[in-house]
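Observations on the three-dimensional arrangement
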Amino acid sequence: MVAIAEFKPCLLISAGTSGGFKSKGVSINDTFISTKCVNHDRRIPIPGFTEYGVGCQDSIPCPNLIKALGLKSGVVTSSNSLDHNDSDDKIMAENDASVKDMEAA
């Protein structure tokens, strides 16, 4: 965060490895451009804080890049934990997740 504050970039690229969902047409070696990023494991069971916990950061639209390179696009869900529960599945489904990673969290 210090580097972002110091250099004030106009674009930040978060490159990482993710797992994709077959139900969204994802195959091994697919490269995705995110349409938005949400967190699926920041569960805060306090009224008014659920949205804050899940968050939602829209990505910069880049349809020309997606078309030129033949990439796929979709929602990236991210987490800070290695465990998995039914609540995570529900949040990923509600946000139409295509891929799941740990880098965008």
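Residues numbered from 1 in each chain as written. Predicted model: local features only at pLDDT ≥ 70, side-chain atom pairs only at ≥ 80, totals over all residues. Heavy atoms only, no water.

**Quick word on the pattern of salt bridges**
For the structure on display, the rule yields three salt bridges. Between lysine 72 and aspartate 30 there is a salt bridge, and its shortest N-O distance comes to 2.8 Å. With lysine 72 in strand 4 (residues 72-78) and aspartate 30 in the loop between strand 1 (18-20) and strand 2 (32-39), the pair connects residues that are 42 residues apart, well separated along the chain. The class of aspartate 30 is partly exposed, set by a relative accessible area of 29%. (Salt bridge = Lys/Arg side-chain N within 4 Å of Asp/Glu carboxyl O. Helix = DSSP H or I, 4+ residues; strand = E, 2+ residues; numbered from the N terminus. Buried < 20%, exposed > 50% of the residue type's maximum accessible area, 1.4 Å probe, protein only.)

**Examining helix 4 (residues 86-94)**
Among all positions of helix 4, only Asp88, Ile91 and Met92 are buried. End-on view of helix 4: buried residues confined to an arc of 100°, all on one side of the axis. Residues of helix 4 that are exposed and point over 90 degrees away from its buried face: Asp86, Lys90, Ala93 and Glu94. For helix 4, the elements touching its buried residues are strand 2, helix 2 (50-54), strand 4 and strand 5 (97-101). At the N-terminal boundary of helix 4, the capping side chain belongs to asparagine 85, with an oxygen 2.9 Å from the backbone nitrogen of serine 87. Looking one or two places after helix 4, you find aspartate 96, whose phi comes out positive at around 60°. (Arc of directions from axis to C-beta. Contact = heavy atoms within 4.5 Å. Polar contact = N/O pair within 3.5 Å; in protein donor to acceptor, adjacent residues only side chain to side chain.)

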